[in-house]
There are 2 protein chains.
Amino acid sequence: MDDKVNLAEKIGLLEEPYVPGIVGYLNDYKLVVVRVRGEFVWHEHEDTDDFFLVLEGRLTIQLRDRDIVLSAGEMFVVPRGVEHCPRADEEAHVLLIEPRGTVNTGDAGGELTAEEREI
Amino acid sequence: MDDKVNLAEKIGLLEEPYVPGIVGYLNDYKLVVVRVRGEFVWHEHEDTDDFFLVLEGRLTIQLRDRDIVLSAGEMFVVPRGVEHCPRADEEAHVLLIEPRGTVNTGDAGGELTAEEREI
């Protein structure tokens with residue numbers, strides 16, 4: 001991972017929505033791309049904020065008190081400990097940044113929990 | 001900073017090249033936008049990697065042994081301790097992510113050193 005990364009190319013390697021791929025590292029953080037389609041699962045991360053940048057499409061980050069609607073070129077950081085549930089009625093492509101070891105489903109677990117893997 | 005951030009709008013608030021603005025935080029990292037035009041200064045960061053994502057234009061990250069040329073949607077992480085010098089012959093808009101307190105000119109200092117400020 002000592003060369004540049006074209007994010008759209010990496011998105012093209014993802015087989016299906018909600019199966020993320022690591023495209024690089026920044027110190028002890030992982031740089032992750034993911035396709036979002038449909039609704040994820042309500043969860044929170046007790047120990048970390050959660051960075052979302054939309055690369056393509058439209059992503060809704062549902063919070064308990066409001067929705068954050070992101071288009072391409074828009075970002076939002078979910079604060080640690082805040083419950084959220086990503087949703088995309090049409091597919092969205094997203095760059096996520098989180099500490100290595102952060103579980104995508106946070107405290108919720110379940111079938112959408114994904115292993116960390118590089119693509 | 002509890003709402004979404006439109007990166008292009010934030011870029012529009014920057015008065016001149018190489019004067020960065022903080023648009024958010026991810027734990028103890030700052031999320032920074034900057035306009036790049038012309039050549040910056042050769043420097044390194046002893047304690048941290050350095051994340052670059054090009055939002056618009058074309059950015060060349062000169063390393064001592066090669067150039068990394070990034071277009072919009074492409075990213076590169078300069079490893080800690082690696083000398084680099086950003087350059088853009090035409091203006092580029094860039095998202096940077098670094099630990100809070102990281103000095104933009106690293107070990108080099110000089111007149112392009114910028115204060116941390118939120119925009």
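Please refer to the structure higher up on the page.
Parameters and conventions
- Residues numbered from 1 in each chain as written.
- Chains lettered and ligands numbered in written order.
- Predicted model: local features only at pLDDT ≥ 70, side-chain atom pairs only at ≥ 80, totals over all residues.
- Heavy atoms only, no water.
- Core = buried A, V, L, I, M, F, W, Y, C linked by side-chain atoms within 4.5 Å.
- Buried < 20%, exposed > 50% of the residue type's maximum accessible area, 1.4 Å probe, protein only.
- Contact = heavy atoms within 4.5 Å.
- Buried area = accessible area lost by both parts, 1.4 Å probe.
- Salt bridge = Lys/Arg side-chain N within 4 Å of Asp/Glu carboxyl O.
- Helix = DSSP H or I, 4+ residues; strand = E, 2+ residues; numbered from the N terminus.
- Nonpolar A, V, L, I, M, F, W, Y, C, P; charged D, E, K, R; others polar.
- Pairing = 2+ DSSP bridges.

The subject of this paragraph is the nonpolar core. With 32 residues, the main nonpolar core has A:Phe51, A:Met75, A:Leu95, B:Phe51, B:Met75 and B:Leu95 as its most contacted residues. What B:Leu95 contacts, discounting residues up to four positions off in sequence, is A:Phe51, A:Leu53, B:Leu7, B:Val32, B:Val33, B:Phe51, B:Phe52, B:Leu53 and B:Leu55.

Contacts between the two partners involve 31 residues from chain A and, on the opposite side, 31 residues from chain B. Carbon and sulfur atoms supply 57% of the area that chain A and chain B bury against each other, a total of about 2,500 Å² over both sides. Seen at the junction of chain A and chain B, the total is two salt bridges. With its nearest N and O atoms 3.1 Å apart, the salt bridge here joins A:Lys4 to B:Glu74. At four residues, strand E7 (residues 74-78) of chain A tops the list of elements feeding residues into the side of chain A that touches chain B. Grouping the amino acids of the side of chain A that touches chain B by side-chain chemistry returns 18 nonpolar, four polar and nine charged. Direction of pairing for E7(A) relative to strand E1 (residues 5-6) of chain B: antiparallel, over a ladder of two bridges. Note on E1(B): the bridge partner recorded for A:Glu74 is B:Asn6.

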